[in-house]
Amino acid sequence: MEKHWQAGQKSYGREAYMAYVSEGLGNLLDWNEVMKFQRKNGSVFNSPSTTAAALVHNYDDKALDYLNMVVSKFGGAVPTVYPLNMHCKLSMVDSLEKIGISRHFSSEIEGILDMAYSFWLQRDEEIMMDVATCAMAFRLLRMNRYDVSSDELSHLAEASNFHNSLQGYLSDTKSVLELYKASKVCVSEHELILDNIGNWSGSLLSEKLCSEGVQGLPILEVEYALKFPFYTTLERLDHKRNIEHFDARGSHILKTECLPYGINQELLALAVEDFTFSQSIYQDELLHLDRWVKENRLDQLQFARQKLTYCYLSAAATIFPPELSDARISWAKNGVLTTVVDDFFDVGGSKEELENLIALVEKWDEHHKDDFCSEQVRIVFCALYTTVNQLGSIASAVQNRDVKNHLIEIWLHLLRSMMTEAEWQRSQYVPTMEEYMTNGVVSFALGPIVLPALYCVGEKLLGSAVKNQEYSELFRLMSTCGRLLNDSQGFEREGSEGKLNSVSLLVLHSGGSMSVEAAKNAIQKSIVASRRDLLRLVLKEGTVVPRACKELFWKMCKILHLFYFRTDGFSSPKEMASAVNAVINEPLKLPS
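- As annotated in an unreviewed UniProt entry, the protein carries the name Ent-kaurene synthase and is attributed to Triticum aestivum.
- UniProt annotates the protein under Cofactor (unreviewed entry) with the comment "Mg(2+)".
- Its UniProt record, at the heading Sequence similarities (unreviewed entry), says of the protein: "Belongs to the terpene synthase family."

Have a look at this one:
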């Protein structure tokens, strides 16, 4: 950073800094140069003190009008900054989201974001003149479904442009971090500006950690952002971390305090109460699920992995509002059932048993007590039958129409796709990549977990929406991410079991021209493209699938990225143990 500072001795960044602190420099400055930074409202940096100093040295009607307005509004003692700038308002929105209580302030947040969007469209100086504000506005607006173009960040596509700004001159870590976070909210392969920003800002943050050592709270934020991209994070886990490391000062660089200390303390208290209350509900729900497992004798199946806590974690950590209990229970129960069925098809069931199970699901209410060819089939089917009927009744009541048959269809679709894979393996058939992926997005078993839960998040999901191409595409993109992440991380394990997956198929069908490493790289590119396309569809306005429903597809995508982040996490219990405890069991650790 030193060389950038030296190179910038006569830079715009240095001029802006000198103007920013000009009230303490008196006749050492050229006040005509300071007035180049005057805002449309007549102020210099929205600062009454800087504006007053400028007025003393260089009379200006607009500056005087600004000061008269501030004094008439506040009397003798004026605020450090007025108006409370857009950075502070956006910081408030960001803080509310980060500590998990934004849903309690939806109308206030909408008002701030509407204003920010209006400013963005006008390229208003309130947003565009400050690096951190511009980056934060882009990220928050895009993730809240406002149509913002990354072209507006083109002036920051190169590191040299940042170093020539006020924040660059000050080597402001928070501004670089905001740019880095903004760069990850990419929804198109053509957003090369975001790629460039991500590359240089990520490198600069890494350098700062290694060389200077960022001090205090920012070091935690920088390390976390570099280690965990936003698509690998679970909201409730993030909320807990942010509450425990809450920055009560909430300050921006130099003299602009963003939020009064008391307000921050009140927000923190609300977040603590909200998280603690949620945890008590999660613990009760997990006890209910534990009883459900035992009542349905699922714990007696020797072949089945016991994954209840992980299935419930993925629900509680993402579908976190207390009132969405039905969605969490549906998600977790179906997660357990898909794990059981997956293991049944993989290792637990004979060909006869698998065919028997599918026949029973096809009959459903018409099945007979003598139709079971084994006790294993009886346990698996009865658990499916009673649970899907119960969840179907709940979902039908919410939707005010019968959706139970749709839930049965989802399960039947999954079982048939699993049977196809079992038959491929038995006959040693080598499918094409297209055959494998068409079947694989279904056999990956996200359908019974995500799709029934869509009916329980408080939105009406019409039958026409379920049959719409958009619904199918959301499912395909989410499941493609999951299938490819699993294949990439589980390649060695599945290969040792004699199973084919997308990595081995790419190598096989290349006729020896593609290495395993090249195949994994190709798979990684497909994961990135599917994730980006999914996010674009989830954030798109005016679609037939309701917003709350679309968000569940994205939540599952994030869960998958975390579970398969560095290993096949779902098959490695230690990877998830700390996350389970943090969200469900361990109380908040707050500084005394």
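1. Considering the environment of P452
Here's step 1: Position of P452 relative to the elements: it lies in helix α23 (residues 447–453).
Here's step 2: The spacing of P452 and A395 is 57 residues in sequence and 7.6 Å in space, taken between C-alpha atoms.

2. Notes on the packing of aromatic side chains
Here's step 1: Going through the model one piece at a time under the given rule, you end up with 14 aromatic pairs.
Here's step 2: Taking the centre distance of 5.1 Å and the plane angle of 45 degrees together, the rings of Y224 and F228 count as tilted. F228 shares its class with Y224; the two are buried.
Here's step 3: What links up through ring pairs into an aromatic cluster is the set W364, F372, F381 and Y385.
Here's step 4: Of note, R531 hangs over the ring of Y231, and the distance from its end group to the ring centre comes to 3.5 Å.

3. Comments concerning unusual backbone geometry
Here's step 1: Even without being a glycine, N400 presents a positive backbone phi close to 60 degrees.
Here's step 2: Mapping N400 onto the fold places it in the loop between α20 (375–399) and α21 (404–427).
Here's step 3: We note that A445 has phi near 75 degrees; this positive angle belongs to a residue other than glycine.
Here's step 4: Note that A445 resides in the loop between α22 (433–443) and α23.

4. A few points about the pattern of salt bridges
Here's step 1: For the structure shown, the criterion picks out 26 salt bridges.
Here's step 2: Salt-bridge contacts for K351 lead to E355; the nearest nitrogen and oxygen are separated by 2.7 Å. Residue K351 and its partner E355 are located together in helix α19 (residues 351–363), separated by 4 residues, close to a single helical turn.
Here's step 3: The exposure class assigned to E355 is partly exposed, which follows from its relative accessible area of 37%.
Here's step 4: The residue E551 makes a salt bridge to R547 at a minimum N-O spacing of 3.6 Å. With E551 and R547 both in helix α29 (residues 547–563), this residue pair falls 4 residues apart, about one helical turn.
Here's step 5: Here R547 falls in the partly exposed class, since its relative accessible area comes to 39%.

5. What about the nonpolar core?
Soluble globular proteins tend to bury their nonpolar side chains together.
Here's step 1: Of all hydrophobic cores here, the largest spans 115 residues; its most connected members are L298 and W331.
Here's step 2: Per-element tally for this core: the top contributor is α21, with 11 residues.
Here's step 3: Counting residues domain by domain, this core receives three or more from each of domain 2 (88–230) and domain 3 (269–458 + 470–581).
Here's step 4: Setting aside anything within four residues of it in sequence, one finds L298 in contact with W292, V293, Q306, V336, L337, V340, I379 and A383.

Cut-off values and rules
Residues numbered from 1 in each chain as written. Predicted model: local features only at pLDDT ≥ 70, side-chain atom pairs only at ≥ 80, totals over all residues. Heavy atoms only, no water. UniProt positions renumbered as here; feature names shortened; annotations may be inferred. Helix = DSSP H or I, 4+ residues; strand = E, 2+ residues; numbered from the N terminus. Phe/Tyr/Trp six-rings, centres within 6.5 Å; stacked < 30°, edge-to-face > 60°. Buried < 20%, exposed > 50% of the residue type's maximum accessible area, 1.4 Å probe, protein only. Lys NZ or Arg CZ within 6 Å of the ring centre and 35° of its normal. Salt bridge = Lys/Arg side-chain N within 4 Å of Asp/Glu carboxyl O. Core = buried A, V, L, I, M, F, W, Y, C linked by side-chain atoms within 4.5 Å. Domains from an automatic or database assignment. Contact = heavy atoms within 4.5 Å.

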